[in-house]
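Working through the structure, step by step
What follows is each chain in one-letter form.
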Amino acid sequence: MLPPLKVVRNGLRRTTEALAAELAQPGTAAPAWSDLEWRLASAVAVAHGVSPLLCVHSAWTHAPWRRFLQDQREQVELRHRRIAALLQRIDTDARAAGLALVPLKGCALHALGIYAAGERPMADIDLLVRDDDAAAAIRLLLALGYEESFAQWKHRVFKPASGHPFAGLGEHRDAPINIELHTRIQERLPVSAVDITERIYPHAPRPGLNPYPSIGALMSHLLLHAAGNLCGRSLRLMHLHDIALLAKRMRADDWDVLWNGRAATPWWALPPLRLVARYYPGAIPDAVFARLEHEGPPLLRTLSRRQTLTQVSCSELWLHAFAGIEWCRSARDVAQYLGHRIRPSDEAIRERADMVRTQLWLQGQAWVTLKHARRVLTWLTRPVPRMDMLYVVRIALQEPHKPPRDAATRPRSGAIFQPTRR
């Protein structure tokens, strides 16, 4: 049985903020936490995608915690080898087909050497392809033994035809490698879409895998992706760490890419940059903030000055009925947002059904299958916990604290957990 949810919520907040501070500025003494808090810390590290990074950068000596982190780093490194081999196969097949693809986010960060194998988990491979080439890309994935799992407005998700998800805490080398195929790079914030595809797709693509046009283009994508997760209160500490590390490599003119192209001023970059600066002081140049500080909705600018990682991530245990409304830029956006909350679109209903069908952490949960009116009424009358975070907390509390077995004989019990936007 779970402890009282109020205890879990407070523990998640304490451990989240402590892990964020230790990852950004390592060297603090190991906290005098209870067994419950250490287990909640493992849940937080998994949910935020930073277990292997903490293994490298933190020297906290609590024995079960160290064993957990070391095992996670090993699993991520072994899984990374599979991902690298799959990317090589995709590159070879795409060259043969005359098809240009762009590996996104984590793949690009690894390619730049910002992360070594085993430091940063990747739940899946994201690929960008021109809309006209989408059919050819799908044929390539099907020939690799993939099948389409579901489609939504942002991307189409493909999974190995013979793969099965693993139910357990954290990463595992044998977890299926899903592929998300994008034809646009965009986010709804929260209802109007921001599209930066023209900044991301190469100007002169060649067959095979292509890098981002510039380091500034990669930063634009990381910031927009973080903004989308901020809006949905599903930001991860890994997102902030990505941005902080990439920012170290950027010159003043690299930041100019944020303002290039036909897209409007990147008002959406301010909240994630402020959070990065909160935990990684000095990572973001003052000149960037000077250009952005008057952009975006006034309420969002005000709230973003004092937001913490816990408040905008899965570590905030309670669901928020109107999460992201502060990102609306007009009265029309507010009306559309409220309308969607009261009466979801057919697209939203299909997306929810796909999530219930494909996400392990949602299966068997009565809350997610309630009628929408019942869910709204519940939101308005009592706190409702997040199913994604409760899933990983339950597993963390059930996991025995013991030395990991050899990876070759270890039970297949590790599933990549990634909180999902609502």
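Residues numbered from 1 in each chain as written. Predicted model: local features only at pLDDT ≥ 70, side-chain atom pairs only at ≥ 80, totals over all residues. Heavy atoms only, no water.

Brief notes about the overall build of the protein
We apply this condition: Helical segments are the DSSP runs of H or I of at least four residues, strand segments are the runs of E of at least two, and each set is numbered from the N terminus. In this treatment the radius of gyration is a C-alpha quantity, and the globule benchmark scales as 2.2 Å times the residue count to the 0.38 power. Residue burial is assigned from relative accessible area. The probe radius is 1.4 Å, only protein chains are included, and a residue is buried under 20% of its type maximum, exposed over 50%, and partly exposed in between. By the counting rule applied here, Lys and Arg register as positive and Asp and Glu as negative, while His and the ends of each chain are not counted. Think of each charge as sitting on NZ of Lys, CZ of Arg, CG of Asp or CD of Glu.
Helix and strand counts for the protein come out as 17 helices and 8 strands. At 21 Å, the protein has a C-alpha radius of gyration in line with the 22 Å of a compact globule built from 422 residues. Referenced to the eigenvectors of the C-alpha coordinate spread, the extents of the protein come out at roughly 55 × 50 × 45 Å. Here the protein holds 422 residues, and 54% of them are scored as buried. Each charge sign in the protein was given a centre, from 56 positive and 40 negative side chains, and these centres are 5 Å apart.

Details of the packing of helix 9 (residues 237–247) against helix 11 (residues 270–279)
Rule in force here: Axis geometry follows a simple rule: fit a line to the C-alpha atoms, using only the stretch in contact for helices, then measure angles between N-to-C directions, giving values from 0 to 180 degrees. Just so you know how the angles are binned, under 35 degrees is roughly parallel, over 145 roughly antiparallel, 65 to 115 roughly perpendicular, and the rest oblique. Contacts are assigned to residue pairs that have any heavy atoms within 4.5 Å of one another. All residues other than Ala, Val, Leu, Ile, Met, Phe, Trp, Tyr, Cys, Pro, Asp, Glu, Lys and Arg, Gly among them, are scored as polar; the first ten of these are nonpolar and the last four charged.
Helix 11 packs onto helix 9 with a crossing angle of 85° between their chain directions and a minimal axis gap of 10 Å. The pairing of helix 9 with helix 11 is recorded here as roughly perpendicular in orientation. Touching Leu240, Ile243 and Ala244 of helix 9 are Pro272, Leu273, Leu275, Val276 and Tyr279, all from helix 11. A breakdown of the residues in the contact of helix 9 with helix 11 according to their chemical character gives 8 nonpolar, no polar and no charged.

Notes on the pairing of strand 4 (residues 156–160)
Worth spelling out the cut-off: Pairs of strands are assigned from DSSP output, requiring at least two bridges between the strands.
Alignment of strand 3 (residues 146–151) against strand 4, held across 5 bridges, turns out to be antiparallel. Across the sheet, glutamate 148 pairs through a bridge with phenylalanine 158, a residue of strand 4. What sits between the antiparallel neighbours strand 3 and strand 4 is a turn of 4 residues. As paired elements, strand 4 and strand 5 (residues 178–182) share 3 bridges and run antiparallel to each other. Within strand 5, the position partnered with valine 157 by the bridge is glutamate 180.

Observations regarding the packing of aromatic side chains
Defined as follows: Note on aromatic contacts: the rings of Phe and Tyr and the six-membered ring of Trp form a pair at centre separations within 6.5 Å, being stacked when their planes are under 30 degrees apart, edge-to-face when over 60 apart, and tilted otherwise. Lysine and arginine charges are scored as sitting over a ring when NZ or CZ, respectively, is within 6 Å of the ring centre and within 35 degrees of the ring normal.
Using the criterion set out here, one finds 7 aromatic pairs in the structure. With centroids separated by 4.9 Å and ring planes inclined at 65°, the aromatic side chains of tryptophan 33 and tryptophan 38 adopt a geometry described as edge-to-face. Residues tryptophan 33 and tryptophan 38 agree in their burial class; the two are buried. One residue, arginine 188, lies across the ring of tryptophan 153, its end atom 4.1 Å from the ring centre. Here the basic side chain of arginine 291 rests over the ring of tryptophan 259, its NZ or CZ set 3.7 Å away from the ring centre.

Considerations on the nonpolar core
Rules: For the purposes of this section, nonpolar cores are sets of buried Ala, Val, Leu, Ile, Met, Phe, Trp, Tyr and Cys residues that join through side-chain atoms within 4.5 Å.
Trp65, Trp255, Trp268, Leu273, Tyr280, Ile284 and Met389 are the most contacted members of the largest nonpolar core, which totals 89 residues. Of all the elements, helix 8 (residues 215–231) adds the most residues to this core, at 10 residues. Setting aside residues up to four positions removed in sequence, isoleucine 284 forms contacts with Ile243, Ala247, Trp255, Leu273, Val276 and Phe289.

Re the confidence of the model for the protein
Detail in the predicted coordinates should be disregarded across regions flagged by low pLDDT. Keep this limit in mind: pLDDT expresses, on a scale from 0 to 100, how confident the predictor is about each individual residue.
Confidence along the protein averages 90 in pLDDT terms, with 91% of residues attaining 70 or more. For residues 402–422, every residue scores under 50 in pLDDT, and the model assigns this stretch 74 contacts once sequence neighbours within four places are set aside.

Let's talk about the pattern of salt bridges
For clarity, the cut-off: A side-chain nitrogen of Lys or Arg and a carboxyl oxygen of Asp or Glu constitute a salt bridge if their distance falls within 4 Å.
This model, assessed by the stated rule, comprises 17 salt bridges. Between aspartate 126 and lysine 105 there is a salt bridge, with the nearest N and O atoms lying 4.0 Å from each other. Pair noted here: aspartate 126 is in strand 2 (residues 124–128) and lysine 105 is in the loop between strand 1 (100–103) and helix 5 (106–111), with a separation of 21 residues, a long-range link.

A few points about the sheet that holds strand 5
Pairing is mixed in the open sheet, where 6 strands are placed in the order 3-4-5-2-1-8. Bordering the open sheet on either side are strand 3 and strand 8 (208–209), each of which pairs with just one other strand. Against the sheet, helix 6 (residues 134–143) contacts strand 1, strand 3, strand 4 and strand 5, and its axis sits at roughly 170° relative to strand 5.

With respect to the packing of helix 8 against helix 11
It is the contact of helix 8 with helix 11, at a shortest axis distance of 8 Å, that shows an interaxial angle of 95°. By the criterion of interaxial angle, the relationship of helix 8 to helix 11 is roughly perpendicular. The segment helix 8 lies against helix 11, with Leu223, Ala226, Ala227 and Leu230 engaging Pro271, Pro272, Leu273 and Leu275. Partitioning the contact of helix 8 with helix 11 into residue classes produces 8 nonpolar, no polar and no charged.

Topic: helix 16 (residues 372–381)
Basically, it comes down to this: This arc describes the spread of directions from the helix axis toward the C-beta atoms.
Three or more residues of helix 16 are buried, namely His372, Arg375, Thr378 and Trp379. Here the buried residues of helix 16 occupy an arc of 125° about the axis, which is enough to place them on one side. The exposed set on the far side of helix 16, more than 90 degrees from its buried face, consists of Ala373, Leu377, Leu380 and Thr381.

Focus: the pairing of strand 1
Going residue by residue along strand 1, you find Ala100 and Val102 tucked away on one face and Leu101 and Pro103 tucked away on the opposite face as well. By the bridge criterion, 2 bridges tie strand 1 to strand 8 in an arrangement that is parallel. Paired with leucine 101 across the strands is leucine 209, a residue of strand 8. Pairing of strand 1 with strand 2, which is carried by 2 bridges, proceeds in the antiparallel orientation. Note that in strand 2 the partner of valine 102 across the bridge is leucine 128.

A few points about unusual backbone geometry
Here the residue pair leucine 189 and proline 190 is connected by a cis peptide bond, since its omega of -15° sits within 30 degrees of zero. Structurally, proline 190 can be placed in the loop between strand 6 (186–188) and strand 7 (193–195). For lysine 105, which is not glycine, the phi dihedral falls at a positive 50°. Owing to a relative accessible area of 14%, lysine 105 belongs among the buried residues under this scheme.

Topic: the state of the cysteines
As a reminder, the rule being used: Criterion for a disulfide: a pair of cysteine sulfur atoms at a distance within 2.5 Å.
With the rule as written, the count across this model stands at 0 disulfides. Between cysteine 231, a cysteine without a disulfide, and cysteine 328, which holds the nearest cysteine sulfur, the sulfur-to-sulfur distance is 7.6 Å.

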